[in-house]
Amino acid sequence: MYFPDTHDEITGYAEYVDQQLEALRASAFGLTEEQARLTPTRSALSIGGIIKHTSFVIAPPEEKAPRVEEGGEIGEDAFAAFMDTFALRADETLVSTLETFDRRRLAVVEWIRSCDPDMDQTVPPAPWYGLMNSSSAKVRYSFGHFIEELARHAGHADIIREQIDGATTLELVLADTGRPATPFAQPWTAPEPATS
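From a predicted model like this one, the values you see are computed outputs, not experimental measurements.

Draft legend 1. Up close: the side chain of Q20. Topologically, Q20 is positioned in helix α1 (residues 9-26). Beyond its immediate sequence surroundings of up to four residues, Q20 is in contact with I147, L150, A151 and A154.

Here it is, written out as structure tokens:
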């Protein structure tokens, strides 16, 4: 959890990114491999798929599939590789996906802490938004956008998890991080199996 404090701008970006990643990771707490693949809403998204996709998003450039080219072009192989990030394949496990996510989470938060938010950068095309060519922006733009995207995925995961077993983000975060109960929530524990 990111608590109020007096700090610099970059610390705020790093902490808000980490807060969203904490919630995303907690969404998988206590799930079985089968539950991690469930798609209980009209969406094709699952908790495992959201964790895998987020892990792809926060990966360093050398671990990512080819990027979108100028003019919004994306090759069939690159598109297929990107779409593959939204679901756990049969040869992937939630455990290994979380291990990769945890490693990348630490690295991306540390990378953010090392950045100057006023630095100039080139933002690649985003044809899904109609942005067909690269743009110039300050790094703070990307950090704000990054927080927005992570929060959206954390919200998806929250809804999916509630559909699976009723668990909510706060109780999952408390359980996943080993924090004590608050006046509003207890750390999540798996419900007792029904007896006949």
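Draft legend 2. Spatial organisation of the packing of α1 against helix α3 (residues 47-57). Interaxial distance between α1 and α3 falls to 9 Å at its minimum, and their mutual angle equals 145°. For the crossing formed where α1 meets α3, the hand is left-handed. Seen from α1, the contacting residues are L21, L24 and R25; seen from α3, they are I50, I51 and T54. Of the residues contributing to the contact of α1 with α3, the split by class is four nonpolar, one polar and one charged.

Draft legend 3. Quick peek at a nonpolar patch on the surface. Taken together, I74, F79 and M83 make up a surface patch of nonpolar side chains, about 260 Å² in accessible area. Along the chain, F79 falls in helix α4 (residues 76-83).

Draft legend 4. Representation of the pattern of salt bridges in the model. One pass over the structure, following the stated rule, counts 18 salt bridges. Across the salt bridge formed by E22 and R179, the nearest N and O atoms sit 3.0 Å from each other. Placement of the pair is E22 in helix α1 and R179 in the segment after α7 (169-177), with a sequence separation of 157 residues. A relative accessible area of 9% places E22 in the buried class. Under the relative-accessibility criterion, R179 is labelled partly exposed at 29%. Of the charged contacts in the structure, one is a salt bridge between D84 and R89, with a shortest N-O distance of 2.6 Å. By relative accessible area, D84 is classed as partly exposed at 28%. A cluster of three or more residues bridged by salt bridges with shared partners is formed by K52, D84, R89, D91 and E92.

Draft legend 5. Summary view of the nonpolar core. By size, the foremost hydrophobic cluster in this structure holds 31 residues, and its most contacted members are V17, L21, L24, I47 and I112. Those elements giving two or more residues to this core turn out to be α1, α3, α5 (94-113) and α6 (139-165). Looking at which element gives the most residues to this core, the answer is α6, with nine residues. Apart from the residues within four sequence positions on either side, I47 is in contact with S27, A28, L31, A36, L38, A157, I160, R161 and I164.

Draft legend 6. Spotlight on the environment of E149. Here E149 shows up in helix α6. Judged by relative accessible area, E149 falls into the buried class, the value being 16%. Separated by 95 residues in sequence, E149 and T54 place their C-alpha atoms 9.3 Å apart.

Draft legend 7. Expanded view of the side chain of T97. Mapped onto the elements, T97 comes out in helix α5. If we skip the residues at most four places from it in the chain, T97 touches G48, I51, K52 and L88.

Draft legend 8. Main features of the packing of aromatic side chains. Applying the stated criterion to the full structure yields five aromatic pairs. When the centroid spacing of 6.1 Å and the interplanar angle of 85° are considered together, the rings of F29 and W188 count as edge-to-face. One end of the pair, F29, is in the loop between α1 and α2 (33-36); the other, W188, is in the segment after α7, with 159 residues separating them in the sequence. Under the relative-accessibility criterion, F29 is labelled partly exposed at 25%. Here the aromatic rings of F56 and F82 are separated by 5.8 Å at their centres, their planes lie at 65°, and the arrangement is edge-to-face.

Draft legend 9. Representation of the environment of S142. You can see S142 is positioned in helix α6. Its relative accessible area of 22% is what places S142 among the partly exposed residues. Along the sequence, S142 and G12 sit 130 residues apart, while their C-alpha atoms lie 14 Å from each other. Those residues in contact with S142 that sit more than four places away from it in its chain are Q121 and V123.

Calculation criteria
Residues numbered from 1 in each chain as written. Predicted model: local features only at pLDDT ≥ 70, side-chain atom pairs only at ≥ 80, totals over all residues. Heavy atoms only, no water. Helix = DSSP H or I, 4+ residues; strand = E, 2+ residues; numbered from the N terminus. Contact = heavy atoms within 4.5 Å. Axes fitted to C-alpha atoms, helices over the stretch in contact; angles between N-to-C directions. Left-handed = near helix turned anticlockwise from the far one by under 90°. Nonpolar A, V, L, I, M, F, W, Y, C, P; charged D, E, K, R; others polar. Patch = residues over 30% accessible without salt bridge, like charges linked within 9 Å, V, L, I, M, F, W, Y side chains within 5 Å. Areas by Shrake-Rupley, 256 points an atom, 1.4 Å probe, with all protein chains shown as cover. Salt bridge = Lys/Arg side-chain N within 4 Å of Asp/Glu carboxyl O. Buried < 20%, exposed > 50% of the residue type's maximum accessible area, 1.4 Å probe, protein only. Core = buried A, V, L, I, M, F, W, Y, C linked by side-chain atoms within 4.5 Å. Phe/Tyr/Trp six-rings, centres within 6.5 Å; stacked < 30°, edge-to-face > 60°.

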